[in-house]
Amino acid sequence: MTRVDLIEMNPSELEGFFRGMGEPAYRAWQVYRWIHGHGVLHFSEMTNLPKKVRSLLESQTRIVSMDEIERQVDQEDGATKFLFRLRDGETVETVLLPQSYGNSVCVSTQAGCRMGCLFCVSTVGGLGRNLTPGEMEAQVLIAQSELGRREDGARVSHVVLMGIGEPLENYDNVLVFLKRIHEKDNLGISYRNITLSTCGLAPEIKRLASEALPITLAVSLHAPNDELRNRLMPVNKRYPLSELLPACREYAERTGRRVTFEYALINEVNDLPEHARELSRLVRGLLCHVNLIPLNPNERGLEGSRPDRVKEFARILENSGVNATVRRSLGGNIEAACGQLRRRNGREKS
Ligand code: SF4
(Lines give C-alpha, C1' and ligand atoms only; values in the text may rest on other atoms or scores of the structure.)
Protein backbone atom coordinates (compact mmCIF):
# COMPACT_ATOMS: atom_id res chain seq x y z
CA MET A 1 0.00 0.00 0.00
CA THR A 2 1.29 3.45 -0.91
CA ARG A 3 1.42 5.59 2.17
CA VAL A 4 0.14 9.16 2.12
CA ASP A 5 2.87 11.80 2.59
CA LEU A 6 1.52 14.18 5.21
CA ILE A 7 4.28 16.74 4.72
CA GLU A 8 3.09 17.43 1.18
CA MET A 9 -0.40 18.50 2.32
CA ASN A 10 -1.52 22.02 3.08
CA PRO A 11 -4.03 22.54 5.94
CA SER A 12 -7.14 22.25 3.77
CA GLU A 13 -5.86 19.07 2.11
CA LEU A 14 -5.16 17.66 5.57
CA GLU A 15 -8.69 18.57 6.67
CA GLY A 16 -10.09 16.62 3.71
CA PHE A 17 -7.87 13.68 4.59
CA PHE A 18 -9.05 13.55 8.20
CA ARG A 19 -12.70 13.96 7.22
CA GLY A 20 -12.20 10.99 4.88
CA MET A 21 -11.00 8.99 7.89
CA GLY A 22 -14.14 9.98 9.80
CA GLU A 23 -12.18 12.34 12.08
CA PRO A 24 -13.04 15.96 12.90
CA ALA A 25 -11.32 18.72 10.90
CA TYR A 26 -9.46 20.09 13.93
CA ARG A 27 -7.28 16.98 13.90
CA ALA A 28 -5.76 18.37 10.71
CA TRP A 29 -4.55 21.47 12.55
CA GLN A 30 -3.25 19.41 15.45
CA VAL A 31 -1.18 17.28 13.10
CA TYR A 32 -0.12 20.28 10.98
CA ARG A 33 1.20 22.08 14.06
CA TRP A 34 3.03 19.02 15.34
CA ILE A 35 4.83 18.50 12.05
CA HIS A 36 5.43 22.00 10.75
CA GLY A 37 5.34 24.08 13.93
CA HIS A 38 7.11 21.78 16.40
CA GLY A 39 9.11 19.73 13.91
CA VAL A 40 7.82 16.46 15.38
CA LEU A 41 8.51 13.53 13.07
CA HIS A 42 7.07 10.65 15.12
CA PHE A 43 3.36 10.03 15.71
CA SER A 44 4.12 8.71 19.19
CA GLU A 45 5.10 12.26 20.21
CA MET A 46 1.77 13.77 19.10
CA THR A 47 0.41 13.52 22.59
CA ASN A 48 -2.95 15.25 22.02
CA LEU A 49 -4.06 12.68 19.44
CA PRO A 50 -6.06 9.63 20.60
CA LYS A 51 -4.09 6.38 20.42
CA LYS A 52 -6.49 5.04 17.78
CA VAL A 53 -5.75 8.01 15.47
CA ARG A 54 -2.03 7.67 15.99
CA SER A 55 -2.02 4.01 15.02
CA LEU A 56 -4.20 4.73 12.00
CA LEU A 57 -1.74 7.38 10.89
CA GLU A 58 1.15 5.04 11.59
CA SER A 59 -0.29 2.38 9.30
CA GLN A 60 -1.57 4.57 6.44
CA THR A 61 0.70 7.59 6.25
CA ARG A 62 4.18 8.85 6.79
CA ILE A 63 5.44 12.25 7.77
CA VAL A 64 8.51 12.60 5.59
CA SER A 65 9.24 10.64 2.45
CA MET A 66 12.98 10.27 2.75
CA ASP A 67 15.40 8.03 4.62
CA GLU A 68 18.85 8.91 5.84
CA ILE A 69 21.38 6.58 4.24
CA GLU A 70 24.62 8.19 5.37
CA ARG A 71 25.92 11.07 7.45
CA GLN A 72 29.28 12.67 8.03
CA VAL A 73 30.21 15.01 10.86
CA ASP A 74 33.04 17.51 10.61
CA GLN A 75 34.69 17.44 14.06
CA GLU A 76 36.34 20.79 13.41
CA ASP A 77 33.39 23.02 12.60
CA GLY A 78 30.48 20.79 13.67
CA ALA A 79 28.89 20.62 10.21
CA THR A 80 26.76 17.52 9.62
CA LYS A 81 26.13 16.34 6.10
CA PHE A 82 23.23 13.98 5.44
CA LEU A 83 22.60 11.84 2.39
CA PHE A 84 18.90 11.04 1.95
CA ARG A 85 17.17 8.56 -0.32
CA LEU A 86 13.83 9.78 -1.65
CA ARG A 87 10.77 7.67 -2.27
CA ASP A 88 11.74 6.94 -5.92
CA GLY A 89 15.38 6.14 -5.13
CA GLU A 90 16.84 9.54 -6.04
CA THR A 91 19.34 10.87 -3.51
CA VAL A 92 19.99 14.37 -2.16
CA GLU A 93 22.32 16.00 0.33
CA THR A 94 21.60 18.38 3.17
CA VAL A 95 24.05 20.13 5.48
CA LEU A 96 23.37 21.41 9.00
CA LEU A 97 25.86 24.13 9.88
CA PRO A 98 26.12 25.55 13.38
CA GLN A 99 27.18 29.19 12.93
CA SER A 100 27.96 31.97 15.38
CA TYR A 101 24.62 33.63 14.51
CA GLY A 102 22.42 30.49 14.64
CA ASN A 103 21.83 27.14 12.98
CA SER A 104 21.79 27.10 9.22
CA VAL A 105 20.52 24.35 6.90
CA CYS A 106 21.77 24.03 3.34
CA VAL A 107 18.92 22.51 1.32
CA SER A 108 18.93 20.71 -2.05
CA THR A 109 16.22 21.78 -4.48
CA GLN A 110 16.71 19.19 -7.23
CA ALA A 111 18.04 15.64 -7.42
CA GLY A 112 21.04 16.34 -9.63
CA CYS A 113 21.46 19.35 -11.86
CA ARG A 114 21.67 20.01 -15.59
CA MET A 115 23.48 23.34 -15.42
CA GLY A 116 26.88 21.80 -16.16
CA CYS A 117 29.16 24.07 -14.10
CA LEU A 118 32.68 22.84 -14.73
CA PHE A 119 33.78 22.78 -11.09
CA CYS A 120 30.67 21.08 -9.67
CA VAL A 121 30.16 17.42 -8.90
CA SER A 122 26.36 17.64 -8.58
CA THR A 123 25.93 18.08 -12.30
CA VAL A 124 28.00 15.05 -13.37
CA GLY A 125 25.04 12.64 -13.65
CA GLY A 126 22.64 15.31 -14.98
CA LEU A 127 19.23 16.15 -13.57
CA GLY A 128 17.12 13.45 -11.93
CA ARG A 129 14.08 15.57 -11.08
CA ASN A 130 12.78 18.58 -9.22
CA LEU A 131 12.12 18.18 -5.50
CA THR A 132 8.64 18.83 -4.13
CA PRO A 133 8.02 21.53 -1.50
CA GLY A 134 7.57 18.77 1.09
CA GLU A 135 10.91 17.16 0.20
CA MET A 136 12.63 20.50 0.71
CA GLU A 137 10.85 21.15 3.99
CA ALA A 138 11.62 17.62 5.21
CA GLN A 139 15.33 18.39 4.95
CA VAL A 140 14.86 21.35 7.32
CA LEU A 141 12.65 19.39 9.72
CA ILE A 142 15.09 16.49 9.93
CA ALA A 143 17.92 18.95 10.63
CA GLN A 144 15.71 20.57 13.29
CA SER A 145 15.07 17.19 14.91
CA GLU A 146 18.85 16.72 15.15
CA LEU A 147 18.99 19.89 17.22
CA GLY A 148 16.11 18.79 19.45
CA ARG A 149 12.61 20.17 19.98
CA ARG A 150 12.16 23.75 18.81
CA GLU A 151 10.50 24.82 22.03
CA ASP A 152 13.58 23.64 23.95
CA GLY A 153 15.59 26.40 22.34
CA ALA A 154 17.88 25.03 19.63
CA ARG A 155 16.29 26.12 16.38
CA VAL A 156 17.05 26.19 12.71
CA SER A 157 17.26 29.94 12.17
CA HIS A 158 18.68 30.20 8.64
CA VAL A 159 17.96 28.33 5.41
CA VAL A 160 20.24 28.50 2.40
CA LEU A 161 19.29 27.06 -0.98
CA MET A 162 22.82 26.15 -1.98
CA GLY A 163 22.66 22.37 -1.99
CA ILE A 164 22.23 20.21 -5.06
CA GLY A 165 20.29 21.77 -7.94
CA GLU A 166 19.43 25.15 -9.41
CA PRO A 167 16.55 26.54 -7.28
CA LEU A 168 15.25 28.88 -9.97
CA GLU A 169 14.76 25.95 -12.37
CA ASN A 170 12.30 24.57 -9.80
CA TYR A 171 10.76 28.01 -9.29
CA ASP A 172 7.16 27.21 -8.32
CA ASN A 173 7.99 24.45 -5.83
CA VAL A 174 10.77 26.55 -4.28
CA LEU A 175 8.40 29.49 -3.80
CA VAL A 176 5.78 27.28 -2.12
CA PHE A 177 8.51 25.90 0.15
CA LEU A 178 9.87 29.33 1.09
CA LYS A 179 6.44 30.79 1.81
CA ARG A 180 5.56 27.74 3.86
CA ILE A 181 8.63 27.78 6.14
CA HIS A 182 8.10 31.51 6.66
CA GLU A 183 4.51 31.10 8.01
CA LYS A 184 4.10 31.56 11.75
CA ASP A 185 2.23 28.23 12.13
CA ASN A 186 5.17 26.63 10.37
CA LEU A 187 8.87 27.15 11.17
CA GLY A 188 8.46 30.94 11.09
CA ILE A 189 11.83 31.52 9.43
CA SER A 190 12.35 35.17 8.57
CA TYR A 191 12.77 35.87 4.85
CA ARG A 192 15.86 37.85 5.81
CA ASN A 193 17.41 34.61 7.09
CA ILE A 194 16.85 32.83 3.78
CA THR A 195 19.41 32.83 0.99
CA LEU A 196 18.69 31.55 -2.51
CA SER A 197 21.70 30.79 -4.65
CA THR A 198 21.50 30.71 -8.44
CA CYS A 199 23.97 30.14 -11.25
CA GLY A 200 22.41 33.11 -13.03
CA LEU A 201 19.00 32.49 -14.63
CA ALA A 202 18.38 36.16 -15.42
CA PRO A 203 14.63 35.99 -16.28
CA GLU A 204 13.86 34.08 -13.08
CA ILE A 205 15.93 36.54 -11.03
CA LYS A 206 13.65 39.29 -12.37
CA ARG A 207 10.59 37.18 -11.62
CA LEU A 208 11.82 36.65 -8.07
CA ALA A 209 12.44 40.40 -7.76
CA SER A 210 8.78 40.98 -8.64
CA GLU A 211 7.70 38.81 -5.66
CA ALA A 212 9.32 41.47 -3.44
CA LEU A 213 10.31 38.98 -0.74
CA PRO A 214 13.31 40.24 1.23
CA ILE A 215 15.36 37.08 0.78
CA THR A 216 19.06 37.29 0.00
CA LEU A 217 19.97 36.50 -3.57
CA ALA A 218 23.37 34.86 -3.99
CA VAL A 219 24.66 34.66 -7.54
CA SER A 220 27.41 32.21 -8.43
CA LEU A 221 29.57 34.47 -10.55
CA HIS A 222 32.99 32.81 -10.53
CA ALA A 223 34.34 34.78 -13.51
CA PRO A 224 34.53 38.48 -14.35
CA ASN A 225 34.10 38.20 -18.14
CA ASP A 226 31.98 36.23 -20.60
CA GLU A 227 34.86 34.36 -22.16
CA LEU A 228 35.97 32.75 -18.91
CA ARG A 229 32.43 32.38 -17.54
CA ASN A 230 31.33 30.58 -20.73
CA ARG A 231 34.05 28.03 -20.02
CA LEU A 232 33.24 27.58 -16.34
CA MET A 233 29.45 27.93 -16.47
CA PRO A 234 27.57 27.01 -19.66
CA VAL A 235 24.52 28.97 -18.42
CA ASN A 236 26.48 32.10 -19.31
CA LYS A 237 26.00 31.36 -23.03
CA ARG A 238 22.24 31.70 -22.45
CA TYR A 239 22.41 34.63 -20.05
CA PRO A 240 25.68 36.52 -20.47
CA LEU A 241 26.89 39.10 -17.98
CA SER A 242 25.16 41.87 -19.95
CA GLU A 243 21.81 40.25 -18.99
CA LEU A 244 22.77 38.88 -15.59
CA LEU A 245 24.10 42.06 -14.03
CA PRO A 246 21.02 44.20 -14.88
CA ALA A 247 18.80 41.45 -13.43
CA CYS A 248 20.85 41.57 -10.21
CA ARG A 249 20.59 45.35 -10.15
CA GLU A 250 16.80 45.09 -10.52
CA TYR A 251 16.69 42.56 -7.67
CA ALA A 252 18.65 44.86 -5.35
CA GLU A 253 16.49 47.86 -6.27
CA ARG A 254 13.13 46.11 -5.85
CA THR A 255 13.92 44.25 -2.63
CA GLY A 256 16.37 46.69 -1.05
CA ARG A 257 18.57 43.68 -0.35
CA ARG A 258 22.27 43.51 -1.09
CA VAL A 259 23.09 40.87 -3.71
CA THR A 260 25.85 38.44 -2.81
CA PHE A 261 28.23 37.36 -5.55
CA GLU A 262 29.88 34.02 -4.88
CA TYR A 263 33.33 33.70 -6.42
CA ALA A 264 35.04 30.30 -6.03
CA LEU A 265 38.75 30.90 -6.46
CA ILE A 266 40.28 28.28 -8.73
CA ASN A 267 44.05 28.14 -8.85
CA GLU A 268 45.44 29.95 -11.93
CA VAL A 269 42.04 29.87 -13.64
CA ASN A 270 40.03 32.84 -12.31
CA ASP A 271 42.30 34.19 -9.58
CA LEU A 272 44.69 36.45 -11.49
CA PRO A 273 45.11 40.11 -10.43
CA GLU A 274 43.50 41.26 -13.72
CA HIS A 275 40.46 39.13 -12.90
CA ALA A 276 40.11 40.95 -9.58
CA ARG A 277 40.34 44.32 -11.36
CA GLU A 278 37.77 43.24 -13.98
CA LEU A 279 35.45 42.00 -11.23
CA SER A 280 35.61 45.30 -9.38
CA ARG A 281 34.70 47.19 -12.58
CA LEU A 282 31.84 44.76 -13.25
CA VAL A 283 30.08 45.19 -9.89
CA ARG A 284 30.88 48.87 -9.32
CA GLY A 285 27.82 50.85 -8.21
CA LEU A 286 25.75 47.75 -7.44
CA LEU A 287 24.40 47.12 -3.93
CA CYS A 288 26.42 43.94 -3.43
CA HIS A 289 28.96 41.94 -1.51
CA VAL A 290 31.53 39.50 -2.90
CA ASN A 291 32.22 36.21 -1.13
CA LEU A 292 35.58 34.73 -2.07
CA ILE A 293 35.77 31.00 -1.39
CA PRO A 294 38.79 28.89 -2.30
CA LEU A 295 37.36 25.94 -4.24
CA ASN A 296 36.92 22.73 -2.25
CA PRO A 297 39.01 19.91 -3.69
CA ASN A 298 36.80 17.52 -5.67
CA GLU A 299 36.95 14.84 -8.32
CA ARG A 300 36.67 17.34 -11.19
CA GLY A 301 40.39 17.97 -11.00
CA LEU A 302 40.37 21.71 -10.26
CA GLU A 303 42.33 23.12 -7.35
CA GLY A 304 41.46 25.89 -4.94
CA SER A 305 43.68 28.99 -5.01
CA ARG A 306 46.70 29.19 -2.77
CA PRO A 307 46.34 31.43 0.32
CA ASP A 308 48.69 34.11 -1.04
CA ARG A 309 46.64 34.40 -4.26
CA VAL A 310 43.40 34.61 -2.27
CA LYS A 311 44.84 37.39 -0.14
CA GLU A 312 46.03 39.37 -3.14
CA PHE A 313 42.68 38.97 -4.93
CA ALA A 314 40.81 40.25 -1.85
CA ARG A 315 43.25 43.16 -1.45
CA ILE A 316 42.64 44.37 -5.01
CA LEU A 317 38.87 44.26 -4.54
CA GLU A 318 39.04 46.14 -1.25
CA ASN A 319 41.32 48.81 -2.73
CA SER A 320 38.73 49.32 -5.49
CA GLY A 321 35.99 49.87 -2.91
CA VAL A 322 34.26 46.49 -3.36
CA ASN A 323 32.91 44.81 -0.19
CA ALA A 324 34.53 41.40 -0.12
CA THR A 325 34.97 38.65 2.45
CA VAL A 326 37.14 35.57 2.25
CA ARG A 327 35.10 32.61 3.45
CA ARG A 328 36.54 29.31 4.39
CA SER A 329 34.64 26.43 2.90
CA LEU A 330 32.76 24.94 5.83
CA GLY A 331 32.72 21.20 6.29
CA GLY A 332 35.94 20.81 4.34
CA ASN A 333 36.60 17.51 6.08
CA ILE A 334 33.28 15.91 5.14
CA GLU A 335 33.09 16.17 1.36
CA ALA A 336 30.97 19.28 1.90
CA ALA A 337 31.43 20.44 -1.67
CA CYS A 338 27.98 20.00 -3.06
CA GLY A 339 27.29 16.59 -4.55
CA GLN A 340 30.35 14.62 -3.49
CA LEU A 341 28.62 12.32 -1.02
CA ARG A 342 25.77 11.67 -3.45
CA ARG A 343 28.23 10.99 -6.23
CA ARG A 344 30.24 8.55 -4.15
CA ASN A 345 27.09 6.63 -3.28
CA GLY A 346 25.93 6.56 -6.88
CA ARG A 347 22.67 8.18 -7.98
CA GLU A 348 21.16 4.97 -9.24
CA LYS A 349 17.70 4.22 -8.04
CA SER A 350 17.40 1.30 -5.69
S1 SF4 B 1 27.00 24.81 -9.09
FE2 SF4 B 1 24.79 24.70 -8.72
S3 SF4 B 1 23.91 25.27 -10.72
FE4 SF4 B 1 26.05 24.75 -11.12
S5 SF4 B 1 26.00 22.58 -11.68
FE6 SF4 B 1 26.36 22.67 -9.45
S7 SF4 B 1 24.36 22.49 -8.51
FE8 SF4 B 1 24.05 23.02 -10.67
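Values in this document were obtained by computation on a predicted structure and should not be read as measured data.

Colleague: Is there a simple way to explain the domain arrangement of the chain in this structure?
Modeller: You'll often see interface size given as the accessible area lost when the parts meet. Assigned domains within the chain: domain 1 (4–62) and domain 2 (66–345). Just the C-alpha atoms count here: the centres of domain 1 and domain 2 sit 33 Å apart. On the domain 2 side, the residues contacting the 16 residues of domain 1 number 18 residues. Roughly 1300 Å² of surface becomes buried between domain 1 and domain 2 when both sides are summed, with 44% attributable to carbon and sulfur atoms.

Colleague: Just checking my understanding: could you explain the pairing of strand S3 (residues 66–73) for this structure?
Modeller: Note on strand geometry: in a regular strand, side chains alternate between the two faces of the sheet. The pairing of S3 with strand S4 (residues 80–86) spans 7 bridges and is antiparallel. Within S4, the position partnered with Glu-70 by the bridge is Leu-83. Here S3 folds back onto S4 in antiparallel fashion, the turn holding 6 residues, of which Gly-78 has a positive phi close to 80°.

Colleague: Honestly, the side chain of Arg-257 in this entry has me stumped. Any pointers?
Modeller: Here Arg-257 lies in the loop between helix H9 (241–255) and strand S12 (259–265). The charged side chain of Arg-257 is buried without a salt bridge, its nearest counter-charge being Glu-262 at 12 Å. Within the structure, Arg-257 has its side chain in polar contact with the side chain of Thr-216 (distance 2.9 Å). When residues no more than four places from it in sequence are discounted, the contact partners of Arg-257 are Arg-192, Pro-214, Ile-215, Thr-216, Ala-252 and Leu-287.

Colleague: Can you help me understand the packing of helix H6 (residues 202–211) against H9 in this one?
Modeller: What describes two packed helices is the angle between their axes and the distance between those same axes. The contact between H6 and H9 brings their axes to 9 Å, and the two run at 10°. Compared by their axis directions, H6 and H9 come out roughly parallel. On H9, the residues that touch Ala-202, Ile-205, Lys-206, Leu-208, Ala-209 and Ser-210 of H6 are Glu-243, Leu-244, Ala-247, Cys-248, Glu-250, Tyr-251, Arg-254 and Thr-255.

Colleague: Where do I start with the pattern of salt bridges in this structure?
Modeller: Oppositely charged side chains can form a pair if their charged atoms are brought close together. Here the structure, examined in full by the defined rule, presents 19 salt bridges. The network of salt bridges with shared partners includes Asp-5, Arg-62 and Arg-87.

Colleague: Got a minute to help me understand the environment of Leu-41 in this structure?
Modeller: The residue Leu-41 is located in the loop between helix H2 (26–37) and helix H3 (51–60) in this model. Note on Leu-41: relative accessible area 18%, which makes it buried. Spatially, the C-alpha atom of Leu-41 lies 9.0 Å from that of Arg-62, the residues being 21 residues apart in sequence. Leu-41 has contacts with Ile-63, Val-64, Leu-141, Ile-142 and Ser-145, leaving out every residue within four places of it along the chain.

Colleague: It is not clear to me how the environment of Ile-293 should be interpreted in this structure. Could you clarify?
Modeller: Within the secondary structure, Ile-293 is located in strand S13 (residues 288–294). Classification of Ile-293 by relative accessible area gives partly exposed; the value is 21%. Between the C-alpha atom of Ile-293 and that of Glu-169, which follows or precedes it by 124 residues, the distance is 24 Å.

Colleague: Mind showing me how you'd approach the nonpolar core here?
Modeller: Generally speaking, a soluble globular protein has its nonpolar side chains buried in company with each other. In terms of nonpolar packing, the biggest core is built from 102 residues, with Leu-57, Val-159 and Phe-261 touching the most fellow members. If you tally residues by element for this core, the top one is H9, at 7 residues. For this core, the domains that each give at least three residues are domain 1 (4–62) and domain 2 (66–345). Look past the residues within four positions of Leu-57 in its chain and what remains in contact with it is Leu-6, Phe-17, Phe-18, Met-21, Val-31, Phe-43 and Leu-49.

Colleague: Looking at this model, I keep getting lost on the pairing of S12. Mind explaining?
Modeller: Taking burial as the measure, the 7 residues of S12 include 7 buried ones, the bulk of the element. Neither face of S12 is open: one carries Val-259, Phe-261, Tyr-263 and Leu-265, the other Thr-260, Glu-262 and Ala-264, and all of them are buried. Summarising the sheet, strand S11 (residues 216–220) and S12 pair through 3 bridges and their orientation is parallel. The partner of Ala-218 across the bridge, within S12, is Thr-260. Two elements, S12 and S13, share 7 bridges in a ladder whose sense is parallel. When the sheet's bridge partners are listed, Val-259 is paired in S13 with Cys-288. Crossover connection from S12 via helix H10 (residues 273–283) to parallel S13: handedness right-handed.

Colleague: Help me out: how do you make sense of the packing of aromatic side chains in this one?
Modeller: Here a ring pair, both rings aromatic, is described through the centre-centre distance and the interplanar angle of the planes. Counted according to the given criterion, the structure contains 4 aromatic pairs. Aromatic side chains Tyr-263 and Phe-313 sit 5.1 Å apart centroid to centroid with 35° between the ring planes, which places their arrangement in the tilted category. Placement of the pair is Tyr-263 in strand S12 and Phe-313 in helix H11 (residues 307–319), with a sequence separation of 50 residues. Phe-313 shares its class with Tyr-263; the two are buried. The ring of Tyr-171 has Arg-207 lying over it, and the distance from NZ or CZ to the ring centre is 3.8 Å.

About the cut-offs
Residues numbered from 1 in each chain as written. Predicted model: local features only at pLDDT ≥ 70, side-chain atom pairs only at ≥ 80, totals over all residues. Heavy atoms only, no water. Domains from an automatic or database assignment. Contact = heavy atoms within 4.5 Å. Buried area = accessible area lost by both parts, 1.4 Å probe. Pairing = 2+ DSSP bridges. Helix = DSSP H or I, 4+ residues; strand = E, 2+ residues; numbered from the N terminus. Buried < 20%, exposed > 50% of the residue type's maximum accessible area, 1.4 Å probe, protein only. Lys, Arg positive; Asp, Glu negative; His and termini not counted. Salt bridge = Lys/Arg side-chain N within 4 Å of Asp/Glu carboxyl O. Polar contact = N/O pair within 3.5 Å; in protein donor to acceptor, adjacent residues only side chain to side chain. Axes fitted to C-alpha atoms, helices over the stretch in contact; angles between N-to-C directions. Parallel < 35°, antiparallel > 145°, perpendicular 65-115°, else oblique. Core = buried A, V, L, I, M, F, W, Y, C linked by side-chain atoms within 4.5 Å. Right-handed = clockwise from strand over helix to strand, strands pointing away. Phe/Tyr/Trp six-rings, centres within 6.5 Å; stacked < 30°, edge-to-face > 60°. Lys NZ or Arg CZ within 6 Å of the ring centre and 35° of its normal.

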